[in-house]
Structure formats: C-alpha cells, structure tokens
Amino acid sequence: MTDRFTVSLEPALAAEFSAYLERQGYGNRSEAVRDLIREALTRERLEKSPDSGCIGVLSYLYDHHERELSKRLTETHHEHHSLTVTTLHMHVDHDTCVEAALLRGKAAEVLSFGESVMARPGIQHGRLHRIPLTGPPLATHRHPDDG
Ligand code: NI
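Residues numbered from 1 in each chain as written. Predicted model: local features only at pLDDT ≥ 70, side-chain atom pairs only at ≥ 80, totals over all residues. Heavy atoms only, no water.

**A short note on the nonpolar core**
- Grouped together as the largest cluster of nonpolar side chains are 16 residues, with contacts concentrated most on L58, Y60, Y62 and L73.
- Not counting residues within four places of it along the chain, the set of residues in contact with L58 comprises E99, A100, A101, L103, F113, G114, V117, M118, R127 and L128. (Core = buried A, V, L, I, M, F, W, Y, C linked by side-chain atoms within 4.5 Å. Buried < 20%, exposed > 50% of the residue type's maximum accessible area, 1.4 Å probe, protein only. Contact = heavy atoms within 4.5 Å.)

**Side note on the packing of aromatic side chains**
- Overall, the coordinates contain three aromatic pairs when judged by the stated rule.
- Ring centres of F17 and Y20 lie 6.2 Å apart, and the angle between their planes is 15°; on these two criteria the pair is classed as stacked. Linking F17 with Y20, this pair stays in helix α1 (residues 11-24), spanning three residues, or about one helical turn.
- Residue classification places Y20 among the partly exposed residues on the basis of a relative accessible area of 23%.
- Arranged with centres 6.1 Å apart and planes meeting at 35°, the rings of Y60 and Y62 form a pair that is tilted.
- Ring pairing ties together the aromatic residues F17, Y20 and Y26, which thus form one cluster. (Phe/Tyr/Trp six-rings, centres within 6.5 Å; stacked < 30°, edge-to-face > 60°. Helix = DSSP H or I, 4+ residues; strand = E, 2+ residues; numbered from the N terminus.)

**Description of the pairing of strand β2 (residues 84-91)**
- Bridge count for β2 against strand β3 (residues 96-106) is seven bridges, and the pairing is antiparallel. For L88, the partnering residue across the bridge sits in β3 and is A100.
- What sits between the antiparallel neighbours β2 and β3 is a turn of four residues. (Pairing = 2+ DSSP bridges.)

**A closer look at the domain arrangement of the protein**
- Under the domain assignment used here, the protein contains domain 1 (11-48) and domain 2 (53-132).
- Computed over C-alpha atoms only, the centres of domain 1 and domain 2 are separated by 29 Å. (Domains from an automatic or database assignment.)

**Side note on the coordination of the nickel ion**
- At this site the nickel ion is bound by H89 (NE2), H91 (ND1) and C97 (SG), with donor distances of 2.1 to 2.4 Å.
- Linear spacing of the donor residues for the nickel ion on their chain is H-x1-H-x5-C.
- Take H89: its relative accessible area is 33%, and that puts it in the partly exposed class. (Donors = N, O, S within 2.8 Å, 3.2 Å for Na, K, Ca; no water.)

Here's what the structure looks like:
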C-alpha cells in the first residue's frame, strides 16, 4: 500500500530540484523524494538517539611513512575492538594507504571514534558514513576478551 501526496514547490525551487534530479541521475521525482526523506529521518534518528545502534563505514587515506601513524592506528582499532568489526587496508602506491573500517555500536560512540581517527595529523580524506540499525540496537552476546 503506497501513501501518495502532492507537493507544491515555487518555480525557482522546482527548477533547482529538476536540475538536481538531472545531475544525480534520477529517473523520477518520487525516487529522489524518497531518498531525501530517508536521509532526513536517518540524520534525525542518529542525532536524537545517540544510544541507538548503527553501522559505521569509516574511510581515510594516510602516508605510512608518517611517523608512528600506522602503528597508532592499529593500536586504536585494537583499543576499540568492540566497535571495529573489520578493517580493509589497501596499499595505493609506495607511500599511500587507504583503510576502510566497518564499525558497529551506539550512534554516538561510532561518531566520536570516527571523529577521533579523522582528526589525527596525517589522516586525509576522512569520511564516516553511519547507517542506523532498525532492529535491536546491538548484538547482545559477549566474547571472553570483552572484559
Ligand atoms: Ni599500506
């Protein structure tokens, strides 16, 4: 069952929206509106419910010759092993590495961990994408090394 509604836009906004659809490659307005609504609801949920569960995709680039950075990053992920589910490492060229870490935890914890990594000297192009979990906030089982 689909809920339909009509949206009125002033001409200038409608023109901007049409240009946006074109740039983003949307075939129809409904799909674009659905995505924008989902994005707004996701943002609100992550902001208003810091304890709700989410998946985080954290990516960044760094120079592995940068003093100690490589080692400290590994240590950081170990210190937060309950948040960092897995890390993918790519040797881009002689100097540069890209890592993508998959995180799982409370929205606020994932954000503060991501921000602390991205703020480090030597970390470039840091990005954190958070996807809210709709089911139970977190897996409840524990591992012997969780402390
Ligand atoms: Ni590397």
